[in-house]
Amino acid sequence: MDADTRERLAREIEFHDLTVDDLEEISGLITGMSRDGESLRLRDKSAAYYRWMYFENPAGQAFGCLARHEGRVVCSFAVAPKAMQVDGRRVLLGKTMDMFTHPDYQGLGLMGRCADQVFARAREGGLEGWYVTPSVNSYPIFKRWGYREDFVLHFRARPLDVAATVASVRPRAGRWASAASRAVAPLARLLDRTPRLPAGWSVAEEDTFGPEVDDLWRRVGGGYRVAIVRDAGYLRWRYSDNPDDYAVLALRRDGVLRGLAVLKVTVRHGLAVGEVVDVVAPARDARTWGLLLRHAVDVLRRRGCAVVEAWAIRGTWVDRRLIRSGLAIPRATLPFLLSPDLGEPAVHDPEAWLLSQGDGNDV
Ligand SMILES: CC(C)(COP(=O)(O)OP(=O)(O)OC[C@H]1O[C@@H](n2cnc3c(N)ncnc32)[C@H](O)[C@@H]1OP(=O)(O)O)[C@@H](O)C(=O)NCCC(=O)NCCS
């Protein structure tokens, strides 16, 4: 693009704060730029999703900025507030969301302008900082802006249908895997039986979060130095009011809620993948985490998933717990970045966090 065109565009492009009237256009820009089609389906990206995410969040409305050229949206970015606890203090942090510039307008500095405006508004709105789960395209940008990378996230996976999983990434190897898995099928069926529960324990699939969830968080929340406050109000918004579908697994002992797991089925590489999106359980309680994870795998197997996966911060207690519960295979790593001036020391300690896929916005 020549210098004159750049100058003209710089004069013609208008920036403004996100409003509820922009949601259809944001959805149009983002879905138009996603080329994955049917082989990748992680979450809804409709206007209804953006209304829910940006305007119905109990922690507050998102801070967003759009750039328009000749009336149409060509760049969009937002930060959504998260009500968090950090070393016992209630803190508003943010999560960066959906950073997109239309291909015809990339490299013109539009995202730089939008981000400056969003971050200024977020500070005015009381956010002390924000976290980022960047894509390959946005990672170098945030690094350039001085974001901190104290630890790495990764997926831990357990294949349930090995042949289908291998075939989805390597079709030729899939034929060998298919023959091998037929040979071990009787053994696999033995291992795949629904896990037994100790006396007095029960597991149930539920579709929402009642008042006992507030009691659960009061009992277990203090065990985590850094976490989104997972009370009933937050969980209901995040998973029940969301346009997408999630399953809730409630684990009880003698009728008292001991833990929750939230599950979702996504499509990756054309494969049905079961995601353990969230876990609410006492910190470092191996029994409760183990029972929840094993039953989560069982539910997702019955829903036809070829593989089950969950996020963990690499090398932490949760990571080791996933391995012991059968989600042993490390899949993709994901960078996790923090805005440069976050003062709280705990946020830099990987063991301090309760962090799950639900704290991101992809699933
Ligand atoms: C990533 C993306 C949003 C950047 O938008 P953009 O409007 O082209 O970015 P800008 O021109 O405003 O550049 C912003 C800054 O990033 C830098 N930058 C841009 N592309 C970069 C790259 N590939 N590597 C390193 N730095 C880069 C710019 O130099 C600028 O730095 P500065 O603020 O220090 O001057 C855009 O390329 C895009 O939409 N990509 C596809 C969708 C995507 O992957 N989004 C990210 C995750 S959801």
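Everything numeric in this text was worked out from a predicted model, so none of it was measured.

Some thoughts on the pairing of strand β9 (residues 247–253)
Along β9, six of the seven residues are buried, which leaves the element largely enclosed by surrounding structure. Pairing of strand β7 (residues 201–206) with β9 involves six bridges; the strand directions are antiparallel. Its bridge partner lying in β9, V203 is registered against L251. When β9 meets strand β10 (residues 256–268), the two strands line up antiparallel, connected through seven bridges. Its bridge partner being in β10, A247 is matched across the sheet by L263.

Focus: the domain arrangement of the chain
A common way to express how large an interface is: the accessible area buried when the components associate. Along its sequence, the chain is organised into domain 1 (3–128) and domain 2 (153–359). Computed from C-alpha coordinates alone, the two centres of domain 1 and domain 2 are separated by 28 Å. With 26 residues of domain 1 at the interface, the matching set in domain 2 holds 29 residues. Taking both sides of the interface into account, the surface hidden between domain 1 and domain 2 amounts to around 2300 Å²; carbon and sulfur atoms contribute 54%. The largest contributions to the domain 1 side of the interface with domain 2 come from W52, Q85 and D87, which together make up 29% of the buried area.

Things to note about empty space enclosed by the protein
What the rule picks out here adds up to three cavities of 30 Å³ or more. Quantified by volume, the largest cavity comes out at close to 100 Å³. The wall of the largest cavity is formed by 13 residues, among which V279, W289, W311, L355 and S356 lie closest to the centre. A total of four residues in the lining of the largest cavity trace back to one element, the largest contributor, which is strand β11 (residues 271–280). Among the residues making up the lining of the largest cavity, the classes are represented as 10 nonpolar, two polar and one charged.

Examining unusual backbone geometry
Positioned with a positive phi, E70 is a non-glycine residue whose angle comes to about 50°. Relative to the helices and strands, E70 is located in the loop between β2 (63–69) and β3 (72–86). You will see that D98, though not glycine, has its phi angle at about 45°, which is positive. For D98, the location among the structural elements is in strand β4 (residues 89–101).

Focus on the packing of helix α11 (residues 286–302) against helix α12 (residues 317–324)
Packed helices, taken two at a time, are described by their axes: the angle between them and the distance between them. Look at α11 against α12: their axes get within 10 Å of each other, and the N-to-C directions meet at 50°. When the axes of α11 and α12 are compared, the pair comes out oblique. Regarding α11 and α12, the two cross each other, and that crossing is right-handed. Contacts between α11 and α12 involve A286, W289, G290, L293 and R294 from the former and W317, V318, R321, L322 and R324 from the latter.

Quick word on the site of the ligand
Near the ligand you find 18 residues, and of these M99, G107, G109, G112 and N137 are the closest. Backbone polar atom of G107 to an oxygen atom of the ligand: 2.8 Å apart, as the coordinates give it. The contact in question runs from an oxygen atom of the ligand to an N or O atom on the backbone of L108, over 3.5 Å. Protein burial of the ligand: of its 940 Å² of free accessible surface, 68% is covered by the chains. Secondary structure elements with two or more residues in the shell around the ligand: β4, α4 (110–124) and α5 (139–144).

Concerning the side chain of S27
Inspection of the secondary structure assignment puts S27 in helix α2 (residues 23–33). By relative accessible area, S27 is classed as buried at 9%. Reaching out from S27, the side chain makes a polar contact with the backbone oxygen of K45 at a distance of 2.8 Å. Sequence-distant contacts of S27, defined by excluding residues within four places in its chain, comprise G32, K45, S46, A47 and Y50.

Thresholds applied
- Residues numbered from 1 in each chain as written.
- Predicted model: local features only at pLDDT ≥ 70, side-chain atom pairs only at ≥ 80, totals over all residues.
- Heavy atoms only, no water.
- Buried < 20%, exposed > 50% of the residue type's maximum accessible area, 1.4 Å probe, protein only.
- Helix = DSSP H or I, 4+ residues; strand = E, 2+ residues; numbered from the N terminus.
- Pairing = 2+ DSSP bridges.
- Domains from an automatic or database assignment.
- Contact = heavy atoms within 4.5 Å.
- Buried area = accessible area lost by both parts, 1.4 Å probe.
- 1 Å grid on protein atoms, 1.4 Å probe; cavity = no way out; pocket = protein on both sides within 12 Å on 5 of 7 lines; lining within 4 Å.
- Points joined across faces, edges and corners; volume = space filled by probe spheres on them.
- Nonpolar A, V, L, I, M, F, W, Y, C, P; charged D, E, K, R; others polar.
- Axes fitted to C-alpha atoms, helices over the stretch in contact; angles between N-to-C directions.
- Parallel < 35°, antiparallel > 145°, perpendicular 65-115°, else oblique.
- Left-handed = near helix turned anticlockwise from the far one by under 90°.
- Near = heavy atom within 4 Å.
- Polar contact = N/O pair within 3.5 Å; in protein donor to acceptor, adjacent residues only side chain to side chain.
- Areas by Shrake-Rupley, 256 points an atom, 1.4 Å probe, with all protein chains shown as cover.

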